[in-house]
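Tertiary structure, described
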Amino acid sequence: MGSNPTKAANNMYCKCRLAAAKYNDKLNSREGAAEMLGLSSSTLASYELDLTKVVPVESIMMMADVYNAPELKNWYCSNVCPLGAEFPKIEIEDLDRLTIKALSTLRKISNVKEDLLDITADGAISVEERPKLNNVIKTLDEISNVAQSLKLWAKKNLSKTE
């Protein structure tokens, strides 16, 4: 098998394995990766070729660990798991981009705090206040997404030095 499998080129499991192969040559082949994962190479092939509809969670956890790909867990939860369909899709970005996004989002907190106090002061949310509440929730979602992206970046990059 070549180092760029064309049938699995867009498969997330394959992408993560090949990215990890830059640091561990054994992951260049499905056979080597399957051995490290405790799977048969045909099972790993069925994951990477999308022949298996639902990959067992234990396999996802193991691949994320062996491939140093915590983003695989988020991808699985937001794309495959029906319970996670509403979860945001988090992608790993460079630390400088994440920092700028975090600071930009955190700058909005002061206004959001004031709006939230105004909206909830009387214990009821009027029809007129709903757009402001939606904006508060949107801003809180942005903060949550940036925090999750930063956590994902840390899991991916800080584990290399330990």
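Below: a short report on this structure.

Quick notes on the rules
- Residues numbered from 1 in each chain as written.
- Predicted model: local features only at pLDDT ≥ 70, side-chain atom pairs only at ≥ 80, totals over all residues.
- Heavy atoms only, no water.
- Phe/Tyr/Trp six-rings, centres within 6.5 Å; stacked < 30°, edge-to-face > 60°.
- Helix = DSSP H or I, 4+ residues; strand = E, 2+ residues; numbered from the N terminus.
- Buried < 20%, exposed > 50% of the residue type's maximum accessible area, 1.4 Å probe, protein only.
- Salt bridge = Lys/Arg side-chain N within 4 Å of Asp/Glu carboxyl O.
- Polar contact = N/O pair within 3.5 Å; in protein donor to acceptor, adjacent residues only side chain to side chain.
- Core = buried A, V, L, I, M, F, W, Y, C linked by side-chain atoms within 4.5 Å.
- Contact = heavy atoms within 4.5 Å.
- Patch = residues over 30% accessible without salt bridge, like charges linked within 9 Å, V, L, I, M, F, W, Y side chains within 5 Å.
- Areas by Shrake-Rupley, 256 points an atom, 1.4 Å probe, with all protein chains shown as cover.
- Axes fitted to C-alpha atoms, helices over the stretch in contact; angles between N-to-C directions.
- Parallel < 35°, antiparallel > 145°, perpendicular 65-115°, else oblique.
- Left-handed = near helix turned anticlockwise from the far one by under 90°.
- Nonpolar A, V, L, I, M, F, W, Y, C, P; charged D, E, K, R; others polar.

**Describing the packing of aromatic side chains**
Within this structure, the stated rule accounts for two aromatic pairs. Ring centres of Tyr13 and Trp75 lie 5.5 Å apart, and the angle between their planes is 85°; this geometry places the pair in the edge-to-face category. In this pair, Tyr13 is assigned in helix α1 (residues 12-20) and Trp75 in helix α5 (residues 71-79), connecting sequence segments 62 residues apart. The class of Trp75 is partly exposed, set by a relative accessible area of 26%.

**With respect to the pattern of salt bridges**
In the structure shown here, the tally under the stated rule is seven salt bridges. One salt bridge connects Glu35 with Lys26, and the closest N-O pair in it is separated by 2.8 Å. With relative accessibility at 56%, the residue Glu35 sits in the exposed group. The shortest N-O distance in the salt bridge between Lys132 and Asp115 comes to 3.9 Å. Of the two residues, Lys132 is situated in helix α8 (residues 130-158) and Asp115 in helix α7 (residues 109-120); the sequence distance between them amounts to 17 residues. We classify Lys132 as partly exposed; its relative accessible area is 42%.

**A short note on the side chain of Arg17**
Note that Arg17 resides in helix α1. Within the local environment of Arg17, its side chain forms a polar contact with the backbone oxygen of Leu27, the two atoms lying 2.9 Å apart.

**Here's the deal with the nonpolar core**
Ranked by internal contacts, the top residues of the largest apolar core, which has 19 residues, are Tyr13, Leu44, Ile60, Met63, Tyr67 and Leu72. Broken down by secondary-structure element, the contributors of at least two residues to this core are α1, α2 (30-37), α3 (41-48), α4 (57-66) and α5. In terms of residue count, α1 provides more of this core than any other element does, four residues in total. In this structure Leu72 touches Met12, Tyr13, Cys16, Ile60, Met63 and Ala64, once residues within four positions along its chain are discounted.

**Considering the side chain of Ser149**
Relative to the helices and strands, Ser149 resides in helix α8. Given the relative accessible area of 8%, Ser149 is considered buried. Every residue in contact with Ser149, bar those within four places of it in the chain, is listed here: Ile90, Glu91 and Leu98.

**Focus: a nonpolar patch on the surface**
The grouping of Leu103, Leu106 and Ile109 at the surface amounts to a nonpolar patch, some 270 Å² of accessible area in total. You can see Ile109 is positioned in helix α7.

**Let's talk about the packing of helix α6 (residues 95-107) against α8**
Packing of α6 against α8 brings their axes to within 10 Å, and their N-to-C directions diverge by 155°. Taken together, the axes of α6 and α8 are roughly antiparallel relative to one another. With respect to the hand of their crossing, α6 and α8 are arranged in left-handed fashion. Across the interface between the two elements, Leu95, Leu98, Lys101, Ala102 and Thr105 from α6 touch Thr139, Glu142, Ile143, Val146, Ser149, Leu150 and Trp153 from α8. Partitioned by chemical class, the residues of the contact of α6 with α8 number seven nonpolar, three polar and two charged.

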